[in-house]
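Summary of the model geometry
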Amino acid sequence: MKALMVAPSWIGDTVLAQPLFRRLHERTPGLQLDALAPRWVAPVLERMPEIAQVVDSPFVHGELSLKTRHRLARRLAAAGYQRAYVLPNSLKSALVPFFAGIPERIGFVGEKRYGLINQRHTLDKILLPQMAERFAQLAEAPGAPLPRPLPSPRLTSSSEQRAATLAELSLALPEKLAVVCPGAEYGPAKRWPARHFAALTDALAARGYAVWLLGSAKDRPIAEQIADLAQTTSAPRNLCGSTSLSQAIDLLAAASFVVCNDSGLMHVAAALGRPLVAVYGSSSPGFTPPLSDRAQVISLRLECSPCFKRECPLGHLDCLNKLEPQRVLDACLARSAE
């Protein structure tokens, strides 16, 4: 059996899809499972043993590009895929498997994708409250119950890969390393304030931890704010925008523990099995929790949250502003004692 997975476009969603990949391999011994994915999530898929190869999806968000989709589909048709699992719910994401003539095209109905998807699932948000459950449902027949518990996501990072990454970045691994991921791609309503992160890094430095700030180039400004606000002489090291995603995976794997907003790197840290403290504001830990028994979620669970907005609609961001650094520090110290 040879199957194609049309992967999500977000790092965290891609990690949450791995329980589906594991289920498919359990059901179909000898399965070759390839992934069609944007290049920015490819490094995550490359750390999943269930994925044989990653095919580059060159499309930007909102781009139809029918000629390019037809050209890619012709190449995929020659590969002889028998099934396609279409994880995004957009109509565009279902076009390439349809144009490629892949016989079984499996997914949720989504944007009225009748015909494009021919093994159609209908989403019941009550029965499937978590995103990972919704992805995993595609391993079952439409309407069949989802077997629980789900297998947990697991990404690989060998000691050789970690050593190579540290050498490439000219970094020495501290005895006690806290990796802090202050960004959140979705928007500021998911980002704990810089002053709180700075207070946390001060408290960790006072306890002998080296603190590395990790994220994309978009996260560099907030990381610079944190470093500027830090009061200790051993200021956190700002690595935001200085690593590839593959290197970030290895640095997370080397951490004593990790502190994140609800973000893609949070899900990566959970899948690496690292002790993790996850700070939630506008989003829901009930929908996209870190799938790890070594993770602790911190949320004030105010009446106005989760609102799922990019910016606070009430203008006060109480769900994060009122979440004090001491509470997160206590959780970090508890995680580090594991």
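Residues numbered from 1 in each chain as written. Predicted model: local features only at pLDDT ≥ 70, side-chain atom pairs only at ≥ 80, totals over all residues. Heavy atoms only, no water.

Further remarks concern the nonpolar core. Counting 62 residues, the largest nonpolar core has Met5, Leu20, Phe21, Leu45, Leu252 and Val258 as the members making the most contacts within it. Setting aside anything within four residues of it in sequence, one finds Leu20 in contact with Met5, Leu87, Phe135, Ala136, Leu138 and Ala139. Tyr209, Ile222, Ile226 and Cys332 belong to the second-largest nonpolar core, a separate cluster that totals 30 residues. (Core = buried A, V, L, I, M, F, W, Y, C linked by side-chain atoms within 4.5 Å. Buried < 20%, exposed > 50% of the residue type's maximum accessible area, 1.4 Å probe, protein only. Contact = heavy atoms within 4.5 Å.)

Turning to helix α13 (residues 325-336), a few remarks are in order. For α13, which comprises 12 residues, the first-to-last C-alpha distance of 16 Å matches the rise-based estimate of 16 Å (1.5 Å per residue) to within 8%. Those residues of α13 that fall on the buried side of the exposure criterion are Pro325, Val328, Leu329, Ala331, Cys332 and Arg335. Along the axis of α13, the buried residues cluster in a sector spanning 160°; they form a single face. (Helix = DSSP H or I, 4+ residues; strand = E, 2+ residues; numbered from the N terminus. Expected span 1.5 Å × (residues − 1). Arc of directions from axis to C-beta.)

Here we have six strands laid out as an open sheet, ordered β3-β2-β1-β4-β5-β6, and parallel in their pairing. The sheet is open, and its two borders are formed by β3 (54-56) and β6 (119-121), each paired with just one other strand. Taken pair by pair, the neighbouring strands of this sheet meet at an average axis angle of 20°, ignoring direction. Helix α4 (residues 66-77) rests against β1 (2-6), β2 (32-37) and β3 of the sheet, and its axis sits at about 155° to β3. (Pairing = 2+ DSSP bridges. Axes fitted to C-alpha atoms, helices over the stretch in contact; angles between N-to-C directions.)

A few words on the sheet that holds strand β10 (residues 257-261). If you trace the six strands from one edge of the open sheet to the other, you get β9-β8-β7-β10-β11-β12, paired in parallel fashion. At either end of the open sheet lies a strand with only one pairing partner, and these are β9 (237-238) and β12 (295-298). Alignment of β10 against strand β11 (residues 276-279), held across four bridges, turns out to be parallel. By the bridge assignment, Asn261 is partnered in β11 with Val279.

Let us look at the pattern of salt bridges. Applying the stated criterion across every chain yields a total of eight salt bridges. The salt bridge partner of Asp56 is Arg39, with a shortest N-O separation of 2.5 Å. With a gap of 17 residues between them, Asp56 in strand β3 and Arg39 in the loop between β2 and α3 (42-46) connect regions that are remote in the sequence. A relative accessible area of 29% places Asp56 in the partly exposed class. Measuring nitrogen to oxygen at the nearest pair gives 3.0 Å for the salt bridge that ties Asp250 to Arg47. Pair noted here: Asp250 is in helix α10 (residues 245-253) and Arg47 is in the loop between α3 and β3, with a separation of 203 residues, a long-range link. (Salt bridge = Lys/Arg side-chain N within 4 Å of Asp/Glu carboxyl O.)

What follows deals with the side chain of Gln18. In this fold, Gln18 is placed in helix α2 (residues 18-27). Look at Gln18 and you get buried, because its relative accessible area is 1%. Setting aside anything within four residues of it in sequence, one finds Gln18 in contact with Met48, Pro49, Glu50, Pro153, Arg154 and Leu155.

The omega torsion across Arg148 and Pro149 is 5°, close enough to zero to call that bond cis. Position of Pro149 among the secondary structure elements: in the loop between α6 (131-136) and α7 (159-168). Looking along the chain, the bond that leaves Ser305 and enters Pro306 is cis, with omega of 0°. Mapped onto the elements, Pro306 comes out in the loop between β12 and α12 (318-321). Residue Ser170 is not a glycine yet carries a positive backbone phi of 55°. Even without a glycine there, the phi angle at Phe308 is positive, about 60°. Tracing the backbone through its elements, the reader meets Phe308 in the loop between β12 and α12. Residue class for Phe308 comes out partly exposed when judged on its relative accessible area of 41%.

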